[in-house]
Amino acid sequence: MNALPIIVGALCVIAIAYRYYSAFLAAKVLALDDSRPVPSQTMYDGHNYYPTNKWVLFGHHFAAISGAGPLIGPVLAAQFGFLPGLLWLVIGVCLGGAVHDFMILVASVRRRGKSLAEIARTEISPLSGLVAGLAILFIVVIALAGLGLVVVNALAESPWGTFTVGFTIPLALLMGLYMYRFRKGRIGEASAIGVAGLFVAVIVGGWVAESPWAASFTFSRNTITLLMAGYGFVASVLPVWMLLCPRDYLSSYLKIGTVAFLILGVILVHPSLNMPALTPFVHGGGPVIPGKVYPFVFITIACGAISGFHALIASGTTPKMISKESDARVIGYGGMLMEGVVGVVALIAATSLFPGDYFAINTAQGTDAQKSAYVRMVDAHSGEGFDMQPKEIDRLEAESGEKNLRGRTGGAVTLALGIAKIFDGVPGLRGLMKYWYHFAIMFEALFILTTIDTGTRVARFLVGEFLGRFHPRLEEPTWMPGAVLTTALVVAGWAAFIWSGSISTIWPMFGIANQLLSAVALCVATTVIINSGKARYSWTTILPLSFVATTTLVAGWESITDIFWPLAQRADTAAQGYVNTTLTAILMAASVIILADSVRRWTRGSRGQETGAKIRLADAGETA
């Protein structure tokens, strides 16, 4: 099938959803009012609370929420064919993900920029607030492991990719020192240096890969894990202006520019989708995701359709910078729609590969047993209309400059090849496949590392808040011993998952954790709507909540019984199996507790005059 009607159709549906459904939510459900003071005005401090132009803030918000999920999730879900993922991306983002982000953003803006856990505490109950806080900490660590594994699999044994991504770290440090020490305020000059440096990194990386220096930048999977853990630790402990901010700022150029060019490339090249609408693996047994299309396509897609991680951003930095309430529509609803578009483009890039090449790349083939299992799978599932014999992989290896593409699981390599094929098909840009491939690897790695360094810092603060109950100084973010200890605990947690896990075990747990957090956020949003006296509109959040909660709990149960618990019964994977089973069960229990607590709150009936008076007093306090 040709990709042109798919991309055009998806863009049209998403545009219609923004024009009409977001307008309905803004006017009827949330009743946005620009005359209502916002935290950036009432609590202005020039540091965290700062009124920001909506387009600048849109860029910041999009850079913060757009990690690897919308890139990797759709690529892994391509195992089931292009149709299930496409439907969930378009429908889910319009009716679920964008509503989720929009509602939580406005709820936080109207509560002085409070966090999701704090909103749950005040709107539902103290129990829900406590459970949500603990669940968030678990989810952040698991999410970082899932995203970090993608980088590890992409850079292992790849000197070009390792050099290119590694070069961006001193480049970001140089930008930070340039903007804040050498030539303060010269952001334009630093930006020019950074963007030029990105292209230099890709070109020089090619020279390094073909030189005697290649061995110095060729690392195993475990070594890459240790190096990334070291980076995450340093980025979290160093002052935010020195590495974290300039890297995020640098990656925002790459993110927005590459996404726009990808959309244009798909429209110009309109590649054929060689993956069928549905594959035999919709019934389960796939090499990428072992489960069936329901419920696993929904937790595999994850961030491209709806993401609980976004609730942490929508109730974190963004609400403290909103200039007026109406800006929340384009930032909250519109920002998530943009991420949905990224997911659709990633799905198109992955399904443009032939099935045989896709599965050769995404099936583990590191041992003789794995290679034999792969051959048996190819023989068993190849048939009319679905040929699993590799077709272009030898040509792709030669043109991409990679020595071996087989068994490069994780989705990053697949997506990079799909992107490179699209760019290589643009008139005037042919013959540069190896540069497009490694540019795409850098693009993906920067996407993910932005989430890893920011997420590690967020998790460090969460751990500090918890341990601060036992030692108050640990809660102080500027106390270096506390910063080192809490960061080390967080990094050790997600690095251990990467070290012992695989994409088929970590990604389902990441998807479950992320979707359960979105269910928690939708519980909070529904409660906010009902508590504000607009219960008749609560269907806008109950509808996606019902689907996401049911689907994710089913996926959690099947992951435990079919994936994690069997691992616990094997001596070589027992520890991993028990840990994955326990954490998934804890997250499911936390979500059920919050859901039950929310339903109890909803069915209590009218909150009475006392509660209504409390709301009015709270509103009066915000407007004072």
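Not measured: the values here are computed from a predicted model.

Student: Let's hear about the overall build of the protein: which residues, and what values?
Tutor: Along its length, the protein carries 24 helices and 0 strands. Relative to a compact globule of 624 residues, whose C-alpha radius of gyration would be 25 Å, the protein shows 23 Å and is just as compact. When its C-alpha atoms are laid out on the principal axes, the protein stretches across 70 × 60 × 50 Å. Across the 624 residues that make up the protein, the buried fraction comes to 58%. The contacts in the protein between residues at least 6 apart in sequence include a share of 83% that link residues at least 24 apart. When the accessible surface of the protein is summed, it comes to about 23,800 Å², and 66% of that surface belongs to carbon and sulfur atoms. The centroid of the 43 positive side-chain charges in the protein is displaced by 8 Å from the centroid of its 36 negative side-chain charges.

Student: Residue-level account of the packing of aromatic side chains, with values.
Tutor: This model, assessed by the stated rule, comprises 19 aromatic pairs. Measuring from centroid to centroid gives 6.1 Å for Phe-359 and Phe-386, while their planes differ by 80°, and the two rings are edge-to-face. One end of the pair, Phe-359, is in helix 15 (residues 355-362); the other, Phe-386, is in the loop between helix 16 (368-381) and helix 17 (393-400), with 27 residues separating them in the sequence. The exposure classification of Phe-359 matches that of Phe-386, with both residues buried. Clustering of aromatic rings is evident, with ring pairs tying together Tyr-21, Phe-24, Tyr-537 and Trp-539. Seen from the ring of Tyr-18, Arg-329 lies directly overhead, with NZ or CZ sitting 4.7 Å from the centre.

Student: So what's going on with the nonpolar core? Residues and values would help.
Tutor: Counting 189 residues, the largest nonpolar core has Tyr-333 and Trp-494 as its most contacted members. Element by element, the count of residues in this core is highest for helix 7 (residues 126-155), at 19 residues. With near-sequence residues (within four places) excluded, Trp-494 lies in contact with Val-141, Leu-144, Ala-145, Met-228, Ala-229, Gly-232, Ile-452 and Thr-456.

Student: Residue-level account of the side chain of Thr-486, with values.
Tutor: With respect to the helices and strands, Thr-486 occurs in helix 20 (residues 480-500). Polar side-chain contacts of Thr-486 include one of 2.8 Å to the backbone oxygen of Gly-482. For Thr-486, the contacting residues outside a window of four places in its chain are Arg-460, Val-463, Gly-464 and Leu-467.

Student: Explain empty space enclosed by the protein residue by residue, including any values.
Tutor: Scanning the entire structure with this criterion turns up 6 cavities of 30 Å³ or more. Taken as a whole, the largest cavity encloses approximately 80 Å³ of empty space. As for the largest cavity, its lining consists of 14 residues, of which Ile-65, Leu-147, Cys-303, Phe-309 and Thr-451 are closest to the centre. Considering only residue class, the lining of the largest cavity consists of 8 nonpolar, 6 polar and no charged.

Student: Tell me about helix 6 (residues 116-123), and name the residues and values.
Tutor: Of all the residues in helix 6, the buried ones are Leu-116, Ala-117, Ile-119, Ala-120 and Glu-123. Along the axis of helix 6, the buried residues cluster in a sector spanning 160°; they form a single face.

Student: For unusual backbone geometry, give the residues involved together with the corresponding values.
Tutor: Cis geometry is adopted by the peptide bond preceding Pro-295, which originates at Tyr-294 and carries an omega value of 10°. Here the phi dihedral of Ala-31 falls at roughly 50°; this positive angle occurs in a residue that is not glycine. The residue Ala-31 is located in the loop between helix 1 (4-29) and helix 2 (39-42) in this model. Judged by relative accessible area, which is 30%, Ala-31 ranks as partly exposed.

Student: Quick rundown of the confidence of the model for the protein? Include the residues and the values.
Tutor: For the protein, per-residue confidence averages 83 on the pLDDT scale, and residues scoring 70 or more make up 92% of the total. Contacts from residues 605-613, a stretch scored under 50 in pLDDT, to residues over four places away or in other chains number 4 contacts.

Student: Tell me what's going on with the pattern of salt bridges, and back it up with residues and numbers.
Tutor: Inspection of every chain in the model, using the stated rule, returns 13 salt bridges. The shortest N-O distance in the salt bridge between Glu-392 and Arg-395 comes to 2.9 Å. The exposure class assigned to Glu-392 is buried, which follows from its relative accessible area of 16%. Residue class for Arg-395 comes out partly exposed when judged on its relative accessible area of 34%. In this structure, Lys-421 engages Glu-392 in a salt bridge whose closest nitrogen and oxygen atoms are separated by 3.0 Å. Of this pair, Lys-421 sits in helix 18 (residues 412-424) while Glu-392 is found in the loop between helix 16 and helix 17, placing the two residues 29 residues apart along the sequence. Here the salt bridges share partners, and the residues they tie into one network are Glu-392, Arg-395, Glu-399 and Lys-421.

Student: Could you give an account of the side chain of Thr-456, with specific residues and numbers?
Tutor: Note that Thr-456 resides in helix 19 (residues 433-467). When its relative accessible area of 0% is taken as the criterion, Thr-456 is described as buried. Looking at Thr-456, its side chain comes within polar contact range of the side chain of Trp-494, at 3.4 Å. Every residue in contact with Thr-456, bar those within four places of it in the chain, is listed here: Leu-144, Gly-232, Ser-236, Thr-451, Thr-487, Val-490, Val-491 and Trp-494.

Student: Let's hear about the packing of helix 22 (residues 539-568) against helix 23 (residues 574-602): which residues, and what values?
Tutor: Closest axis-to-axis distance for the helix 22/helix 23 pair is 9 Å, and the angle between their directions is 160°. Between helix 22 and helix 23, the interaxial angle falls into the category roughly antiparallel. Crossing geometry of helix 22 relative to helix 23 is assigned as left-handed. Listed contacts from helix 23 to Leu-545, Leu-553, Gly-556, Trp-557, Ile-560, Phe-564, Trp-565, Leu-567 and Ala-568 of helix 22 are Ala-574, Gln-576, Gly-577, Tyr-578, Asn-580, Thr-581, Thr-584, Ala-585, Met-588, Val-592, Leu-595 and Trp-602. Residue classes in the contact of helix 22 with helix 23 are distributed as 15 nonpolar, 6 polar and no charged.

Student: Run through the environment of Glu-157, naming residues and quoting values.
Tutor: Following the sequence through the fold, Glu-157 ends up in the loop between helix 7 and helix 8 (159-182). As a C-alpha pair, Glu-157 and Ala-117 span 40 residues in sequence and 41 Å in three-dimensional space. Beyond its immediate chain neighbours, meaning those up to four positions away, Glu-157 contacts Thr-218, Phe-219 and Ser-220.

Student: Outline a nonpolar patch on the surface, supporting the account with residue identities and numerical values.
Tutor: Taken together, the side chains of Leu-83, Leu-87, Ile-91, Leu-95 and Leu-278 present a nonpolar region at the surface, about 420 Å² in accessible area. By the secondary structure assignment, Leu-278 is in the loop between helix 11 (244-269) and helix 12 (293-301).

Quick notes on the rules
- Residues numbered from 1 in each chain as written.
- Predicted model: local features only at pLDDT ≥ 70, side-chain atom pairs only at ≥ 80, totals over all residues.
- Heavy atoms only, no water.
- Helix = DSSP H or I, 4+ residues; strand = E, 2+ residues; numbered from the N terminus.
- Rg over C-alpha atoms; globule rule 2.2 N^0.38 Å.
- Buried < 20%, exposed > 50% of the residue type's maximum accessible area, 1.4 Å probe, protein only.
- Contact = heavy atoms within 4.5 Å.
- Areas by Shrake-Rupley, 256 points an atom, 1.4 Å probe, with all protein chains shown as cover.
- Lys, Arg positive; Asp, Glu negative; His and termini not counted.
- Charge placed at Lys NZ, Arg CZ, Asp CG, Glu CD.
- Phe/Tyr/Trp six-rings, centres within 6.5 Å; stacked < 30°, edge-to-face > 60°.
- Lys NZ or Arg CZ within 6 Å of the ring centre and 35° of its normal.
- Core = buried A, V, L, I, M, F, W, Y, C linked by side-chain atoms within 4.5 Å.
- Polar contact = N/O pair within 3.5 Å; in protein donor to acceptor, adjacent residues only side chain to side chain.
- 1 Å grid on protein atoms, 1.4 Å probe; cavity = no way out; pocket = protein on both sides within 12 Å on 5 of 7 lines; lining within 4 Å.
- Points joined across faces, edges and corners; volume = space filled by probe spheres on them.
- Nonpolar A, V, L, I, M, F, W, Y, C, P; charged D, E, K, R; others polar.
- Arc of directions from axis to C-beta.
- pLDDT = per-residue confidence, 0-100.
- Salt bridge = Lys/Arg side-chain N within 4 Å of Asp/Glu carboxyl O.
- Axes fitted to C-alpha atoms, helices over the stretch in contact; angles between N-to-C directions.
- Parallel < 35°, antiparallel > 145°, perpendicular 65-115°, else oblique.
- Left-handed = near helix turned anticlockwise from the far one by under 90°.
- Patch = residues over 30% accessible without salt bridge, like charges linked within 9 Å, V, L, I, M, F, W, Y side chains within 5 Å.

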